[in-house]
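Architecture at a glance
Chain residues, written in single-letter form:
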Amino acid sequence: MADFGKLLVAMVTPFNKDMSLDITGAKELARQLVDNGCDGLVVAGSTGESPTLTFDEKIALFEAVVEEVGGRASVIAGTGGYCTAQSIELTRSAEKVGVDGIMLVTPYYNKPPQRALIEHFSAIAAATSLPIMLYNVPSRTACNMKPETVAELSRIKNIVAIKEASGDITQISWIRAMTGSDFVIYSGNDGDTLPVLAVGGKGVVSVAANLVPGMIKEMIEAFESGHTSKARDLHLKLLPLVAALFVEPNPIPVKYALNQLGLPSGPPRLPLVEISNDAARKVREALSELGLL
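Our focus in this paragraph is the packing of helix H11 (residues 252-260) against helix H12 (residues 277-289). At a minimum axis separation of 10 Å, H11 and H12 run at an interaxial angle of 55°. It follows that H11 is oblique to H12 by the angle criterion. Both H11 and H12 take part in a crossing whose hand is right-handed. Taking contact as the criterion, the partners of Pro253, Tyr256, Ala257 and Gln260 in H11 are, on H12, Ala280, Val283, Arg284 and Leu287.

Structural data, given as structure tokens:
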């Protein structure tokens, strides 16, 4: 069974001032994240602004991160999209680069029914030997993958995990109840990490881990070791930062926060824009509360 780890970070994609891909910055950020406790990096996901990256940019990003931290942490390539054929092509190219796994988001915009999701993911799984993490994020895709669908897909040998960002703990509980113990559930929302752990999840694919990986890992390990009060206290301590990171659409706030901390990030690409003054103030306040500024 593939082991991606417990704390995975949804890594931002650094850009230069001219909006070109900052490969040097991506390598530096990847190294920083692993050095500070991240078990794995999810590259070119939602937080990585995947819809604005070209095919060649994604491959260059995968290559850079594998070169920098491959062997030290799992590198999971975001290769899903709303076109099955294109997802297969990108997945095959990512496999050649040497990533450890792929993440496949539910197709967005075209709103496939559940039976179509099964065909879509099955086709991609058949085209690769890599372990696959499904990604359910209905707030972004207008498509919610039901527990019954996840359970059926989990029977495919190389579909091994799901990043669940529905925010519906009951739905996540049903996924746990309907899948085998070797199928891994990750929280897709930082604020849901502790509740997801409580219903049988393994960890989180975290936006906040771009900034505070140590705190999040400490919370996961406290829960695992039975120190639930400590885990709860850390969860509550993290909430103001989590809220601030979503005061505007992700990754606008987290890129601003990284820039404030002097870490590689740069601006977001259109159609996203730089953070507003009010949102920036809220992010700075949250960072200050944790002693990061």
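There is more to say after this.
Ordered in space as E1-E2-E3-E4-E5-E6-E7-E8, the eight strands form a closed barrel in which the pairing is parallel. The average angle at which neighbouring strand axes cross in this sheet is 25°, direction not considered.

Time to look at unusual backbone geometry. Note the cis peptide between asparagine 250 and proline 251, where omega equals 10°. Relative to the helices and strands, proline 251 resides in the loop between helix H10 (228-244) and H11. The backbone of alanine 44 shows a phi angle near 65°, a positive value even though the residue is not glycine. Inspection of the secondary structure puts alanine 44 in the loop between strand E2 (40-43) and helix H2 (55-69). Residue alanine 44 is classed as buried on the basis of its relative accessible area of 3%. The backbone of alanine 142 sits at a positive phi, close to 60°, despite the residue not being glycine. With respect to the helices, strands and loops of the structure, alanine 142 is situated in the loop between helix H5 (138-141) and helix H6 (147-153).

What follows is about the pairing of strand E7 (residues 184-187). The side chains of a regular strand alternate between the sheet's two faces. Where burial is concerned, the two faces of E7 agree: the one with Val184 and Tyr186 and the one with Ile185 and Ser187 are both buried. Examined bridge by bridge, strand E6 (residues 159-164) and E7 share four bridges and lie parallel to one another. Bridge pairing in E7 links alanine 161 to valine 184. In this region the chain leaves E6, passes through helix H7 (residues 169-178) and returns to the parallel neighbour E7; the handedness of that crossover is right-handed. Here two bridges tie E7 to strand E8 (residues 203-206), and the two strands are oriented parallel to one another. The residue of E8 that forms the bridge with tyrosine 186 is glycine 203. This β-α-β element, E7 to helix H8 (residues 193-198) to E8, shows right-handed connectivity.

Moving on, we get to the pattern of salt bridges. Inspection of the entire model under this criterion finds 13 salt bridges. The shortest N-O distance in the salt bridge between glutamate 68 and arginine 31 comes to 2.8 Å. One end of the pair, glutamate 68, is in helix H2; the other, arginine 31, is in helix H1 (residues 23-35), with 37 residues separating them in the sequence. With relative accessibility at 24%, the residue glutamate 68 sits in the partly exposed group. For arginine 31, a relative accessible area of 34% corresponds to the partly exposed category. We note a salt bridge from aspartate 278 to arginine 281, for which the minimum N-O separation is 2.6 Å.

Cut-off values and rules
- Residues numbered from 1 in each chain as written.
- Predicted model: local features only at pLDDT ≥ 70, side-chain atom pairs only at ≥ 80, totals over all residues.
- Heavy atoms only, no water.
- Axes fitted to C-alpha atoms, helices over the stretch in contact; angles between N-to-C directions.
- Helix = DSSP H or I, 4+ residues; strand = E, 2+ residues; numbered from the N terminus.
- Parallel < 35°, antiparallel > 145°, perpendicular 65-115°, else oblique.
- Left-handed = near helix turned anticlockwise from the far one by under 90°.
- Contact = heavy atoms within 4.5 Å.
- Pairing = 2+ DSSP bridges.
- Buried < 20%, exposed > 50% of the residue type's maximum accessible area, 1.4 Å probe, protein only.
- Right-handed = clockwise from strand over helix to strand, strands pointing away.
- Salt bridge = Lys/Arg side-chain N within 4 Å of Asp/Glu carboxyl O.

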